[in-house]
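Structural overview for review
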Amino acid sequence: MKNAIIASVILGISIVFSSLVISDNISFKDEHIISLSGGAIKLGDIYKEKKLVSAKLYFKEGEQVLISEGNPDEFSVELNEKLQSLLKELNAGKSKNEDKLTLENLSVIDDARLEVVSAVRYTSEYQPMFTLTLETKEIPVEKGSNINSFVTEKLKAFIESQQQAYTRSLYLQK
């Protein structure tokens, strides 16, 4: 009799536990929940993740996007391409006799600011496309600073300072 009661209790607990698992009230998988200041984002299974960096120069007259959601490990290639296209645009109206701008002499003529942003973009089960901004930083650019060397130096330092944040935010590479 005692064995029948114990078997019944075990069977009853098994049925209750199974129903909780089936109804998703108990889950054994990692839901990848990111806490934000305004709440939390539930990603679920992550299919793809990508580190991003963006850089933008702000002048009194406007702004110039240097890198838009580029790869932090290869930012110098995208920066160089953008500056070369900018130089082509600036030198288009100049004659052959005039001094043309180069990467070595391209500088800001007035105070400006450089805005750099680090982020991670996820493609996941519950959020088809979600970008988590890790940090945004504004760096003053003094009048006469060479754009190429200044941006390259500051961006390298910023990306280096963000390595821990990138590592904490990547789930697939753990």
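The structure we're discussing is the one just above.
A brief look at the structure comes next. (Residues numbered from 1 in each chain as written. Predicted model: local features only at pLDDT ≥ 70, side-chain atom pairs only at ≥ 80, totals over all residues. Heavy atoms only, no water.)

**Regarding the overall build of the protein chain**
When its secondary structure is counted, the protein chain shows four helices and six strands. When the helices and strands of the protein chain are read in sequence order from the N terminus, they spell out α-β-β-β-β-α-β-β-α-α. In terms of overall dimensions, the protein chain is more spread out than a globule: its C-alpha atoms have a radius of gyration of 26 Å, far above the 16 Å expected for 174 residues. C-alpha atoms of the protein chain, sized along the principal axes, occupy 105 × 25 × 25 Å. The 174 residues of the protein chain split such that 32% are buried. In the protein chain, the proportion of contacts linking residues at least 24 apart, taken out of those at least 6 apart, comes to 58%. Carbon and sulfur atoms make up 53% of the accessible area of the protein chain, which totals about 11500 Å². Of the side-chain charges in the protein chain, 21 are positive and 25 negative, and the distance between the mean point of each set is 2 Å. (Helix = DSSP H or I, 4+ residues; strand = E, 2+ residues; numbered from the N terminus. Rg over C-alpha atoms; globule rule 2.2 N^0.38 Å. Buried < 20%, exposed > 50% of the residue type's maximum accessible area, 1.4 Å probe, protein only. Contact = heavy atoms within 4.5 Å. Areas by Shrake-Rupley, 256 points an atom, 1.4 Å probe, with all protein chains shown as cover. Lys, Arg positive; Asp, Glu negative; His and termini not counted. Charge placed at Lys NZ, Arg CZ, Asp CG, Glu CD.)

**What about the sheet that holds strand β6 (residues 130-141)?**
Each strand in a sheet pairs with another by means of backbone hydrogen bonds, the pair being arranged parallel or else antiparallel. Spatially, the four strands line up as an open sheet ordered β4-β3-β5-β6, and their pairing is antiparallel. At either margin of the open sheet sits one strand with a lone partner, and together these are β4 (63-70) and β6. Ignoring which end each strand starts from, the neighbouring axes of this sheet average 15° apart. Docked against the sheet, helix α3 (residues 147-161) engages β3 (46-58), β4, β5 (112-124) and β6, running at close to 45° with respect to β5. (Pairing = 2+ DSSP bridges. Axes fitted to C-alpha atoms, helices over the stretch in contact; angles between N-to-C directions.)

Treat this as a map of the structure, not an account of what it does.
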